[in-house]
Amino acid sequence: MLFDLSLLGWTASRAAELPDGTVPARVSRVDRGAAEVIAADGRHRVKYGARVRRASAEDPVALPCVGDWAALTELPEGRYELDQVLLRHTAFVRGGVSRDSRGGLSGDGQGQVLAANVDVVFVAEPSMHSTDYADLGRIERLVALAWESGGTPVVLVTKSDLFEQGLEELLADVRTAAPGVDVHAVSSLLGEGVELARGYLAGSRTAVVLGPSGAGKSTLVNALAGDGVMETQQVRAGDGRGRHTTVHRELIPLPGGGLIIDTPGIRRVGLYEMSQGVDLVFADIEELAAGCRFDDCGHDSEPGCAVQEAVASGELPERRLQSWRKLQREAAWMASRTDARLRKDMQNKWKVIHKEMRRAGRNRP
């Protein structure tokens, strides 16, 4: 099957980045040490070349991921090898953060790219019953990472057909947690909101769907594709939640244009090298902070704190301020871990250089 690469997002500017003698392809799926790619002459399974293996050994973020554009070299036997990952215009990266046995943060400061070259990040949060509440903290975290990726976040409150009452109130709460972000209710089974989601993919744009297991991500992908391209399972009768189905990330071209990346459910996702993502998610707090008496106000017990005044008046939910503090602490912690790793890498490089210099001095005649 032949493919028109322009429908996969290939552009003239991309073509200018392609090394001479190589073939362009887009990564549709990644397995250990190999990837499935879509080139103009069809789909191929390719292994990583020496350049990619060296780069990824130094930095896991350099590993090919779904959505990447790659330069392939043709091998003598007619197969291809993935020689180089082209420059990523956007990248959704999560940090390697987890909880240790004492409840603290742990990790190595390194990241993992979940999707590359995406224009839109669909944050899927399920709504099942009026007695359940959306995880606003998870939405804030994913939206922060989406802003940081360079893509445009869009929150989809999924499975709205199972919500008994108060849907508009729920949507209002979600909009408060994601200021400036489009928020839509979606029922993939009934087709409600699906065309709204499709509209974000016009012009061969790429979207990734992120959210917890059972959020209906694969059902949404099937609704957009008009076919059962992704396996799904029925919801549990006890709580209406879906069962985990997708076990890998995959890039899927959609009929009529646009591409979407389905992903496994995310249980815990850490921040990674944040610059403006957290500030954009908490734009309401940043705006209130402009009225604080002190420029370096921590919004805790300082006099003249406009943020604390907003909490006291009910203008700003206390939960939101606590979430801001949590993400600010985590972003600072990840930055310190990253800086420590970079310092260690630099020290190791200088050790090697000094060792080679001493060896060269001993070998002089």
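It should be noted that the structure appears before, not after, this text.
All figures in this text were calculated on a predicted structure; none of them were measured in a lab.

### Observations concerning unusual backbone geometry
Peptide bonds are, in most cases, trans, and in most cases residues other than glycine have a negative phi.
(1) Moving on: Positive phi, close to 55 degrees, is recorded for Lys159, a residue that is not glycine.
(2) Moving on: Along the polypeptide, Lys159 turns up in the loop between strand 11 (152-158) and helix 4 (167-177).
(3) Moving on: Take Lys159: its relative accessible area is 13%, and that puts it in the buried class.

### Focus: the sheet that holds strand 4 (residues 69-74)
(1) Moving on: Read around the closed barrel, five strands run 1-2-3-5-4, paired in mixed fashion. The mean angle between the axes of side-by-side strands here comes to 50 degrees, regardless of whether they run parallel or antiparallel.
(2) Moving on: Across six bridges, strand 2 (residues 34-39) lies against strand 3 (residues 42-48) in antiparallel orientation. Bridge pairing links Ala39 to Gly42 in strand 3.
(3) Moving on: Across the sheet, helix 2 (residues 50-58) touches strand 3 and strand 5 (80-85), and the angle it forms with strand 5 is around 45 degrees.

### Some details on helix 3 (residues 136-149)
(1) Moving on: With 14 residues, helix 3 should reach 20 Å at 1.5 Å per residue; the first-to-last C-alpha distance of 20 Å fits that figure.
(2) Moving on: With respect to burial, helix 3 is a largely interior element, 10 of its 14 residues being buried.
(3) Moving on: Taking the backbone nitrogen of Gly137 as reference, a side-chain oxygen 3.3 Å away marks Asp135 as the first, capping residue of helix 3.
(4) Moving on: Phi turns positive, to about 100 degrees, at Gly150, one or two residues after helix 3.

About the thresholds
- Residues numbered from 1 in each chain as written.
- Predicted model: local features only at pLDDT ≥ 70, side-chain atom pairs only at ≥ 80, totals over all residues.
- Heavy atoms only, no water.
- Helix = DSSP H or I, 4+ residues; strand = E, 2+ residues; numbered from the N terminus.
- Buried < 20%, exposed > 50% of the residue type's maximum accessible area, 1.4 Å probe, protein only.
- Pairing = 2+ DSSP bridges.
- Axes fitted to C-alpha atoms, helices over the stretch in contact; angles between N-to-C directions.
- Contact = heavy atoms within 4.5 Å.
- Expected span 1.5 Å × (residues − 1).
- Polar contact = N/O pair within 3.5 Å; in protein donor to acceptor, adjacent residues only side chain to side chain.

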